[in-house]
Every structure is written in structure tokens, then in C-alpha cells.
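A structural walkthrough
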Amino acid sequence: MTRPTSSAPSQRMLRVGEQVRAAITQVLQRGEVRDDVIEATVISISEVRMSPDLKIATAYVTPLGVSDHSVVIEALNRHAKFIRGRLGPQLRQMKYMPEVRFRDDTSFDNYKKIDELLRSPEVQRDLDGDDDER
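Here we summarise the structure given alongside this text. (Residues numbered from 1 in each chain as written. Predicted model: local features only at pLDDT ≥ 70, side-chain atom pairs only at ≥ 80, totals over all residues. Heavy atoms only, no water.)

**A few points about the overall build of the protein**
Note the threshold: Only runs of H or I of at least four residues qualify as helices and only runs of E of at least two qualify as strands under DSSP, and these elements are numbered from the N terminus. Radius of gyration: over C-alpha atoms. The globule rule applied is 2.2 Å multiplied by the number of residues raised to the 0.38 power. Think of it in three bands: with a 1.4 Å probe and only protein chains considered, a residue is buried below 20% of the maximum accessible area for its type, exposed above 50%, and partly exposed in between. We call two residues contacting when some pair of their heavy atoms lies within 4.5 Å. The charge count treats Lys and Arg as positive and Asp and Glu as negative. His and the chain ends do not count. The location of each charge is read from NZ of Lys, CZ of Arg, CG of Asp or CD of Glu.
Scanning the protein from N- to C-terminus turns up six helices and three strands. In sequence order, the secondary structure elements of the protein are arranged as α-α-β-β-α-α-β-α-α. In terms of overall size, the protein is more extended than a compact globule, its C-alpha atoms giving a radius of gyration of 20 Å where 134 residues would be expected to give roughly 14 Å. Across the 134 residues in the protein, those meeting the buried criterion constitute 30%. Within the protein, contacts between residues at least 6 apart in sequence are counted, and of these 63% link residues at least 24 apart. Taking the 21 positively charged and 22 negatively charged side chains of the protein as two groups, their mean positions are separated by 15 Å.

**Brief notes about helix α3 (residues 69-78)**
The cut-off we apply is this: The directions considered for the arc run from the helix axis to the C-beta atoms.
Looking only at α3, the buried set comprises V72, I73, A75 and L76. Burial along α3 is one-sided: seen end-on, the buried residues are contained in an arc of 160 degrees. Where α3 is buried, its residues touch α1 (11-29), α2 (36-39), β1 (42-50), β2 (56-64), α4 (80-86) and β3 (99-104).

**A few points about the side chain of E32**
Within the secondary structure layout, E32 lies in the loop between α1 and α2. When neighbours within four sequence positions are excluded, E32 is seen to be in contact with V27, F82 and R86.

**Considerations on the sheet that holds β1**
Note the following rule: Note: two strands are recorded as paired if DSSP finds a minimum of 2 bridges between them. Axes, fitted as lines to C-alpha atoms, cover a helix only where it is in contact. Angles between the N-to-C directions of the axes lie from 0 to 180 degrees.
The strand order β1-β2-β3 describes an open sheet built from three strands, whose pairing is mixed. At either end of the open sheet lies a strand with only one pairing partner, and these are β1 and β3. Averaged over all pairs of adjacent strands, the angle between strand axes in this sheet comes to 30 degrees, irrespective of strand direction. In the sheet, β1 pairs with β2 via eight bridges, with the strands oriented antiparallel. Bridge pairing in β2 places V48 opposite A59.

**Here we look at the packing of aromatic side chains**
Applicable threshold: Here a pair means two rings of Phe, Tyr or Trp (six-membered ring of Trp) with centres within 6.5 Å. Their orientation is stacked below 30 degrees between planes, edge-to-face above 60, and tilted elsewhere. The rule for a charge over a ring is simple: NZ of Lys or CZ of Arg within 6 Å of the ring centre, and within 35 degrees of the ring normal.
Considering all chains together, one arrives at zero aromatic pairs under this definition. K55 extends its terminal NZ or CZ atom over the ring of Y96, reaching a point 4.3 Å from the ring centre.

**Topic: the environment of S107**
We count it as follows: Two N or O atoms form a polar contact when they lie within 3.5 Å of each other; inside protein one atom must be a possible hydrogen donor and the other a possible acceptor, and for residues adjacent in sequence the pair counts only when both atoms belong to side chains.
Relative to the assigned elements, S107 resides in helix α5 (residues 107-118). Overall, S107 belongs to the partly exposed group, its relative accessible area being 22%. In terms of polar contacts, S107 uses its side chain to reach the side chain of D105, at 2.9 Å.

**Quick notes on α1**
Stated formally: Expected helix span is given by 1.5 Å per residue-to-residue step, counting one fewer step than there are residues.
For α1, built from 19 residues, the straight-helix expectation of 27 Å at 1.5 Å per residue is met to within 8% by its first-to-last C-alpha distance of 27 Å. Buried residues of α1: M13, V16, G17, V20, A23, I24, V27 and L28, and no others. All buried residues of α1 project into a common sector of 135 degrees when viewed along the axis, lining one side. Along α1, the residues that are exposed and aim more than 90 degrees away from the buried face are Q11 and Q29. Against the buried residues of α1 lie α2, β1, β2, α3, α4 and β3. Once α1 ends, the next one or two residues include G31, with phi positive near 70 degrees.

In C-alpha cells:
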């Protein structure tokens, strides 16, 4: 019997991703990374996705109050090895310490576009038309 293939993350990947997210957040909150860009920016880590072998952690971050996110993302990726080393005490139960990669989280932009579409006059007109038919 073959196992069904699925692209959805396993429970273990989700659990480890949440543990890595919490550990990265603690490192950033304590100010252990000495970089002017990172220290001057409030960074929100919305999600960490783990690879199936748990060796790569992709952290999706949103720098708050900064118009150019790429500068902060580049700074985080420059210090990724240092951050990986600081994750050790919180993640000592793991066999391998995951390589950390930082990416810009664009999900909030997508939510904003959907919200704008739902509030557009065309959609409102269609929604108002449904109420008249009932």
C-alpha cells in the first residue's frame, strides 16, 4: 500500500515551525543581533515553514513602520548564521539545527487587495441586488 502524497505540512513540521518562530522572536526581542537596521525596526514573524526533513526554516517576516522591506530582509539574511547559533538553547531537542532563511511576508498585501475588491462599488452593487431578490 502506498502512502498518499500531500503538499500539506505534517503536524511535526507545523509544531517545529512554531518552536523555531518563538525562538527567533526571543533572539530578536533580546537584541542579540547587533545591526543598526534590525535594532531600529520592529519585526513581526508571522510564520516559519519547515522543510520536510526539518533542516531548512523559512521565516516570513514583516518589518513594521518601514517602507522598504528589502533592506531589513537583507540584514536578517546577513545575520542568519548568527541567529541560527543563538537558537540552540531553545531548540536543543532537535537532531539538526535548521538553516534559517528570511523572506518578506506578502500575505497582508494580499488581504488588503481582497478587502479592497470586496468593498468596490461593483461588488457592493451585486450584494445589494441579492437582498432585493429575497
